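# Working through the structure, step by step
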Amino acid sequence: MRIRFKFFFVTFIFLVTLLSLADAQQRSSRTRKPTKSKAQLEREKRENLNRIQEANRILEQTKQQKEASLGQLNAIKEKITVQKKVITNISSEINFIESDVKQTEKVVGNMQTDLQKLKAEYATMIYGASKTANSYNKLMFLFAADSFNQFIRRLTYLRQYSESRKRQVTEISRVTTNLGQKLTVLNRQKKQKTTLLNVQLNENRNLLSLKGQQDNVVQQLSQKEKELRDEVNRRQAAVRKLDNVIANMVREEIARAARLAKSRAAAEGGTAARTSANKVTLTPETALLSSNFGGNKGRFSWPVERGFISQRFGVHPHPVLKNVSTRNNGVDIQTNAGESVRSIFTGIVRAVLEVPPYHTVVMIQHGEYFTTFTKLKSASVSEGQKVDAKEVIGTVYTNADGTTELHFEIWRNTTKLNPETWLLSR
């Protein structure tokens, strides 16, 4: 009876161990992961590295003029901004790996403990079985039954016990194999962490170098304060001039649409719909175009394929001069020399004209929306021409400082909009 009780006890412990192992593996799968996946982090890192390469090409073009310029300063600032994102991205990857390392170490520890328990219980089972290993003892155990039913139950028990031993051997082998795999994963994760820490260290050095370049350019520009102040005054005068030009073109289009609506109504023998001096009178076709344009907010491709926003919408402090601010009614996008300019949506070219110092200006109408592209070297479209999304309309102008910069605005009737909120994020 003592032997039979011991068999039952060992089998019970074995089943409890299996359940605890399964529970440990389930807990490991529920461990909280960082918000972003490893694949997302790697994709962001590649995108940021590509942006650094773009900014570096643009920076090299501005350096060809030997003298410091605002374009050069903007390119360095862009590199610093993206460099910080690269470092943040690497930190997130390191945190991701540290989380994996901790979890793997926990699973390894649990598996090692479970393996020791399985081996100890198996040893106990083998020791107990050795006392009844010969056929005589097994026969005595069977024929000592009080009834035939009890004989069948004892025979079934012996078979189940034999199968239990086989399962335990299989489980020990499986846990041993899994443990080896987990240890391999753990070593690989630790090597990845070491590699990323070295990369992060190098990127921090690059960031310090960029900040040194920025300070040097700012210092050089500070020595040309009078020139910079004169440039600010010229720029603000140019902004007001361009603002008036665009506003006049928009008002002309509003008036033209109103006249067209009245003539159509007269031709059809009806009464013209009420028009507004501040809104384009829409036909069913232009209303659909406006609706489609507005529905694509935040999803438009950039007007240039490569580049970065060098000055954002609104009022901003001057990057060098103290207590001086500048206003921007759109966004400036610094890009490569000779870069093509593309329409962001289907529309009709309403104006192609020269507006010094913005050089060639192209305005495209999309129903009640207007997109304006300035600082073009040349235009490849003409007034009244229909253009499609991503169709090339000209090339960007490069100034004497070696800076290639597109000025881009979006208006809805007479209201200026922030173009950055309408374009795809980068």
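Just so you know, these numbers come straight off a predicted model, no measurement behind them.

## Structural notes on the overall build of the protein chain
Secondary structure assignment for the protein chain yields seven helices and 12 strands. Here the analysis covers contacts within the protein chain between residues at least 6 apart in sequence; of these, 74% occur between residues at least 24 apart. When the accessible surface of the protein chain is totalled, it reaches about 23,800 Å², and 52% of it is carbon and sulfur.

## Some points on the confidence of the model for the protein chain
Chain-level statistics for the protein chain give a pLDDT mean of 80 and a share of 77% at 70 or above. Considering only residues more than four positions removed or in separate chains, one finds that residues 1-22, a stretch of pLDDT under 50, has 34 contacts. Predicted confidence for residues 27-34 stays below pLDDT 50, and this span has eight contacts to residues more than four positions away or in other chains.

## Let's talk about unusual backbone geometry
Cis geometry is adopted by the peptide bond preceding P357, which originates at P356 and carries an omega value of 0°. Its location among the elements puts P357 in the loop between β6 (347-354) and β7 (360-366). One non-glycine residue with positive phi stands out, namely K375, at about 65°. With respect to the helices and strands, the residue K375 is situated in strand β8 (residues 369-379). The backbone of K390 sits at a positive phi, close to 70°, despite the residue not being glycine. Among the secondary structure elements, K390 is positioned in the loop between β9 (386-387) and β10 (392-396).

## Considerations on helix α7 (residues 284-295)
If you check α7, its first and last C-alpha atoms are 16 Å apart, about what 12 residues at 1.5 Å a residue would give, namely 16 Å. Residues of α7 that are buried: L289, S290 and F293. Down the axis of α7, the smallest arc covering the buried residues is 100°, so these residues share one side. Opposite the buried face of α7, at more than 90 degrees from it, the exposed residues are P284 and L288. In this fold, the buried residues of α7 make contact with β7, β8 and β11 (404-412).

## What about the pattern of salt bridges?
This model, assessed by the stated rule, comprises 13 salt bridges. Between E225 and R229 there is a salt bridge, with the nearest N and O atoms lying 3.0 Å from each other. Within this pair, E225 and its partner R229 are both found in helix α6 (residues 225-267), separated by four residues, close to a single helical turn. In this structure, D243 and K416 form a salt bridge, with 3.5 Å as the shortest nitrogen-oxygen distance. Taken as a pair, D243 in helix α6 and K416 in strand β12 (residues 415-417) lie far apart in primary sequence, 173 residues in all. Counted as one network, the salt bridges with shared partners bring together E253, R256 and R350.

## A few points about the nonpolar core
In terms of nonpolar packing, the biggest core is built from 27 residues, with F293, V341, F373 and I393 touching the most fellow members. Secondary-structure elements contributing two or more residues to this core are α7, β4 (331-335), β7, β8, β10 and β11. Among all residues touching I393, those that are not within four sequence positions of it are V341, R342, S343, V362, I364, F373, L376, S378, A379, S380, V381 and V387.

## Observations regarding the packing of aromatic side chains
Throughout the structure, instances matching the rule amount to eight aromatic pairs. Measuring from centroid to centroid gives 4.7 Å for F293 and F300, while their planes differ by 35°, and the two rings are tilted. The two residues F293 and F300 agree in class, both being buried. Arranged with centres 5.5 Å apart and planes meeting at 35°, the rings of F293 and W422 form a pair that is tilted. Pair noted here: F293 is in helix α7 and W422 is in the segment after β12, with a separation of 129 residues, a long-range link. Like W422, F293 is buried. An aromatic cluster of at least three residues, connected via ring pairs, comprises F293, F300, F345, Y369 and W422.

## Regarding the pairing of β6
Bridge count between β6 and β9: two bridges; the pairing is antiparallel. Bridge pairing links I348 to K386 in β9. Relative to β7, β6 is paired through six bridges, and the arrangement is antiparallel. Each bridged residue has a counterpart across the sheet, and for V352 the counterpart in β7 is V362. Once β6 ends, the chain turns through five residues before running back antiparallel as β7, passing H359 with a positive phi of about 60°.

## Quick look at the environment of K77
The residue K77 is located in helix α3 (residues 70-130) in this model. Sequence separation between K77 and A55 is 22 residues; the distance between their C-alpha atoms is 9.2 Å. Excluding its chain neighbours within four sequence positions, the residues that come into contact with K77 are Q214 and P319.

## A look at the environment of R251
By secondary structure assignment, the location of R251 is in helix α6. Separated by 27 residues in sequence, R251 and N278 place their C-alpha atoms 7.3 Å apart.

## Observations regarding the environment of R43
Position of R43 relative to the elements: it lies in helix α2 (residues 38-63). Here the alpha-carbon distance between R43 and N89, two residues 46 residues apart in the chain, equals 10.0 Å.

## Description of the side chain of E409
Here E409 shows up in strand β11. The side chain of E409 is buried and forms no salt bridge, while K416, the nearest opposite charge, is found at 7.0 Å. A distance of 2.7 Å separates the side chain of E409 from the side chain of H407, its partner in a polar contact. Excluding residues within four positions of it along the chain, E409 makes contact with L242, I246, N329, G330, F370, T371, T372 and P419.

About the cut-offs
- Residues numbered from 1 in each chain as written.
- Predicted model: local features only at pLDDT ≥ 70, side-chain atom pairs only at ≥ 80, totals over all residues.
- Heavy atoms only, no water.
- Helix = DSSP H or I, 4+ residues; strand = E, 2+ residues; numbered from the N terminus.
- Contact = heavy atoms within 4.5 Å.
- Areas by Shrake-Rupley, 256 points an atom, 1.4 Å probe, with all protein chains shown as cover.
- pLDDT = per-residue confidence, 0-100.
- Expected span 1.5 Å × (residues − 1).
- Buried < 20%, exposed > 50% of the residue type's maximum accessible area, 1.4 Å probe, protein only.
- Arc of directions from axis to C-beta.
- Salt bridge = Lys/Arg side-chain N within 4 Å of Asp/Glu carboxyl O.
- Core = buried A, V, L, I, M, F, W, Y, C linked by side-chain atoms within 4.5 Å.
- Phe/Tyr/Trp six-rings, centres within 6.5 Å; stacked < 30°, edge-to-face > 60°.
- Pairing = 2+ DSSP bridges.
- Lys, Arg positive; Asp, Glu negative; His and termini not counted.
- Polar contact = N/O pair within 3.5 Å; in protein donor to acceptor, adjacent residues only side chain to side chain.

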